[in-house]
Amino acid sequence: MRIGSSIFLIALGAILAWAVAPGLIPAVDQVLIGYILMAVGVIGLIASLILASPGRSRRVSETRSVVDPNTGERITRNESRDGGL
């Protein structure tokens, strides 16, 4: 769930909980459904913000050492890159 869909669920839940007249949909507690949608939206928003934070990126570094067969010289190569999810 991304930030946009979380905000949409929060807005839809608020509309159902506070703006729509109770009893519009028979046999359904609209206020409860609205609060549930808002809670799911808030949880999704928090989770998407945590997953999108820059502190979660990982750095991967790799070191390789080889011996050049022509000269016998040892060559060491260091490589660093960002690790994705």
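Per an unreviewed UniProt entry, the protein is named DUF6458 domain-containing protein, and its organism is Pseudarthrobacter polychromogenes.

## Observations regarding the overall build of the protein
When helices and strands are counted, the protein shows two helices and two strands. Beginning at the N terminus, the succession of helices and strands in the protein can be written as α-α-β-β. In summary, the protein has a C-alpha radius of gyration of 26 Å against a globular reference of 12 Å for 85 residues, an excess of more than 25%. Along the first, second and third principal axes, the C-alpha atoms of the protein reach 85 × 20 × 15 Å. Out of the 85 residues in the protein, the part that is buried amounts to 13%. Within the protein, contacts between residues at least 6 apart in sequence are counted, and of these 37% link residues at least 24 apart. Carbon and sulfur atoms form 64% of the exposed surface of the protein, whose accessible area is close to 6,700 Å².

## A closer look at the packing of helix α1 (residues 3–19) against helix α2 (residues 30–51)
Direction vectors running N to C along α1 and α2 enclose 160°, while the axes themselves pass 7 Å from each other. Classified by the angle between their axes, α1 and α2 sit roughly antiparallel to one another. Handedness of the α1/α2 crossing: left-handed. Split by residue class, the contact of α1 with α2 holds 18 nonpolar, seven polar and no charged.

## Let's talk about the pattern of salt bridges
Under the definition given, this model contains two salt bridges. One salt bridge in this structure joins arginine 64 and glutamate 62, with 2.7 Å as the shortest N-O distance. Residue classification places glutamate 62 among the partly exposed positions, given a relative accessible area of 25%. A salt bridge links glutamate 79 to arginine 77; its shortest N-O distance comes to 3.3 Å.

## A closer look at the environment of serine 53
By secondary structure assignment, the location of serine 53 is in the loop between α2 and β1 (58–67). Separated by 44 residues in sequence, serine 53 and leucine 9 have C-alpha atoms that sit 22 Å apart.

The rules we used
Residues numbered from 1 in each chain as written. Predicted model: local features only at pLDDT ≥ 70, side-chain atom pairs only at ≥ 80, totals over all residues. Heavy atoms only, no water. Helix = DSSP H or I, 4+ residues; strand = E, 2+ residues; numbered from the N terminus. Rg over C-alpha atoms; globule rule 2.2 N^0.38 Å. Buried < 20%, exposed > 50% of the residue type's maximum accessible area, 1.4 Å probe, protein only. Contact = heavy atoms within 4.5 Å. Areas by Shrake-Rupley, 256 points an atom, 1.4 Å probe, with all protein chains shown as cover. Axes fitted to C-alpha atoms, helices over the stretch in contact; angles between N-to-C directions. Parallel < 35°, antiparallel > 145°, perpendicular 65-115°, else oblique. Left-handed = near helix turned anticlockwise from the far one by under 90°. Nonpolar A, V, L, I, M, F, W, Y, C, P; charged D, E, K, R; others polar. Salt bridge = Lys/Arg side-chain N within 4 Å of Asp/Glu carboxyl O.

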